[in-house]
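# Report on the structure
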Amino acid sequence: MGGSILIVEDELVTQRLIAASLERAGYKVTRAPSVAQAEAAIREVIPDLMLLDWILPGTTGVSFLRQLRNDRRTKQIPVIMLTGRTEEFDKVTGLEAGADDYLTKPFSHRELLARIKAVVRRRAPLLGDEPVEFGDLKLDPAAHRVSTRAGKINLWATEFRLLHFLMTHPDRVYSRGQLLDEVWGDHVFVEDRTVDVHIRRLRQALQPGGHQKMIETVRGAGYCFRANPD
Ligand code: CA
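The structure reproduced in this document is the subject of the present report. Please read these numbers as outputs of a predicted model, since none were measured by experiment.

Let us now look at the nonpolar core. Among the nonpolar cores identified, the biggest contains 28 residues, and Leu163, Leu166 and Phe225 are the most heavily contacted of them. If you list the elements that add at least two residues to this core, you get strand 6 (132-134), strand 7 (137-140), helix 6 (157-168), helix 7 (176-184), helix 8 (192-206) and strand 12 (222-225). Of the residues forming this core, the biggest block, six residues, is contributed by helix 6. Ignoring anything within four residues of it in the chain, the contact list for Leu166 reads Leu179, Ile199, Leu202, Ile215 and Phe225. The next biggest cluster of nonpolar side chains, apart from the first, holds 21 residues, and it includes Val8, Val35, Met50 and Ala97.

Most of strand 4 (residues 79-84) is tucked away, with six of its six residues classed as buried. Judged by which residues are buried, strand 4 turns out to be covered on both faces: Val79, Met81 and Thr83 on one side and Ile80, Leu82 and Gly84 on the other are all buried. Tracing the backbone out of strand 3 (residues 49-53), into helix 3 (residues 61-69) and back to the parallel element strand 4 gives a crossover that is right-handed. When strand 4 meets strand 5 (residues 101-105), the two strands line up parallel, connected through five bridges. The residue bridging Gly84 from the neighbouring strand is Lys105, located in strand 5.

Time to look at the sheet that holds strand 12. Taking strand neighbours across the sheet as the criterion, the three strands line up as 10-12-11 in an open arrangement whose pairing is antiparallel. Strands with a single pairing partner mark the edges of an open sheet, and in this sheet they are strand 10 (173-174) and strand 11 (215-218). Note: strand 10 against strand 12, two bridges, orientation antiparallel. Note that in strand 12 the partner of Tyr174 across the bridge is Tyr223. Relative to strand 11, helix 8 is tilted by about 145 degrees, and along the sheet it contacts strand 11 and strand 12.

Moving on to the pattern of salt bridges. Summed over all chains, the structure comprises eleven salt bridges. Between Arg115 and Glu111 there is a salt bridge, with its nearest N and O atoms 3.4 Å apart. Highlighted residues: Arg115 and Glu111, both in helix 5 (residues 109-123), separated by four residues, approximately one helical turn. Accessibility expressed as a relative area gives 32% for Glu111, which makes it partly exposed. Note that Arg226 and Asp171 form a salt bridge whose closest N and O atoms lie 3.8 Å from each other. Of the two residues, Arg226 is situated in the segment after strand 12 and Asp171 in the loop between helix 6 and strand 10; the sequence distance between them amounts to 55 residues.

What counts, and where the lines are drawn
- Residues numbered from 1 in each chain as written.
- Predicted model: local features only at pLDDT ≥ 70, side-chain atom pairs only at ≥ 80, totals over all residues.
- Heavy atoms only, no water.
- Core = buried A, V, L, I, M, F, W, Y, C linked by side-chain atoms within 4.5 Å.
- Buried < 20%, exposed > 50% of the residue type's maximum accessible area, 1.4 Å probe, protein only.
- Helix = DSSP H or I, 4+ residues; strand = E, 2+ residues; numbered from the N terminus.
- Contact = heavy atoms within 4.5 Å.
- Right-handed = clockwise from strand over helix to strand, strands pointing away.
- Pairing = 2+ DSSP bridges.
- Axes fitted to C-alpha atoms, helices over the stretch in contact; angles between N-to-C directions.
- Salt bridge = Lys/Arg side-chain N within 4 Å of Asp/Glu carboxyl O.

This is the structure:
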């Protein structure tokens, strides 16, 4: 399924095992052995999910978590706390600080992946898993598939999410800023122009079946998905 995961863990053996396990599952992994390095990594790019060790040298995992939750840029990052069996992990404190879930070490590869998927599913923007269709344009989120009478349309992840959002909110005008919030979320800091680039690519992909007409540019306002263009 992919996505980027930041592992904040000072025990290097554990860190390496988790990273290998996640990479095998198709995730892009960044590792940080301390809060300071985690902060540096987050300044570069906001991960799709973070695995955060409870006991870290210097700043503890839980105070780092509170710090993340108090920052507009990072408060949405899904976080799974990692705890040792012997550590005094206070579940309530962890969850109150904003953890989405926690895992007690050692855990299996399967358990780790299952928890990650569950958290990601819970946190996913409310676009849903229901197929949407207008005319012969069909989008199936579960299968990550877009098709028309003419066949399958290949889209990159962002274009797919953009089309999914537009198709689930037809005939409403969204500004570039709104689309950034809805489709990109808090995950990236990109310029409004980025939206235009993705709209252009999406239109190109939809062109063979003539469906690019469904994505209308509303001058001075933004974009709108027309259920019945013309
Ligand atoms: Ca530790």
